[in-house]
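Observations on chain architecture
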Amino acid sequence: MGTKEGRFMFAVLAAAAEYEPELRAERQSEGMTAAKRREATGATLPGKKRPAGRA
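Here's what I pulled together on the structure shown here. In this text the structure is predicted, and so the values were computed from the model without any measurement.

1. A look at the overall build of the protein
From N to C terminus, the protein includes 1 helix and 0 strands. When the accessible surface of the protein is split by element, carbon and sulfur atoms take 60% of a total near 5,200 Å².

2. Thoughts on helix α1 (residues 4-41)
Here α1 is 38 residues long and its end C-alpha atoms lie 55 Å apart, about the 56 Å a rise of 1.5 Å per residue gives. Taken from the residues just after α1, Gly 42 is the one with a positive phi, measuring 80°.

3. Focus on a nonpolar patch on the surface
Side chains of Phe 8, Met 9, Val 12 and Leu 13 sit close together on the surface and give an oily, nonpolar patch of about 410 Å² of accessible area. Among the secondary structure elements, Leu 13 is positioned in helix α1. You can call Leu 13 exposed: its relative accessible area is 53%.

Cut-offs and rules
- Residues numbered from 1 in each chain as written.
- Predicted model: local features only at pLDDT ≥ 70, side-chain atom pairs only at ≥ 80, totals over all residues.
- Heavy atoms only, no water.
- Helix = DSSP H or I, 4+ residues; strand = E, 2+ residues; numbered from the N terminus.
- Areas by Shrake-Rupley, 256 points an atom, 1.4 Å probe, with all protein chains shown as cover.
- Expected span 1.5 Å × (residues − 1).
- Patch = residues over 30% accessible without salt bridge, like charges linked within 9 Å, V, L, I, M, F, W, Y side chains within 5 Å.
- Salt bridge = Lys/Arg side-chain N within 4 Å of Asp/Glu carboxyl O.
- Buried < 20%, exposed > 50% of the residue type's maximum accessible area, 1.4 Å probe, protein only.

As structure tokens, then:
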């Protein structure tokens, strides 16, 4: 069965593995919302140029 420390470490790593996709989805959603907001206001990211053909 393993040691109690080993079981604890496995539980911690399993919890982190479950949390990661949720965190990634949240960040992706926030990024998409920010991109839509920039598009609506005509803003660009620092250091980026506007695509050709756009006002």
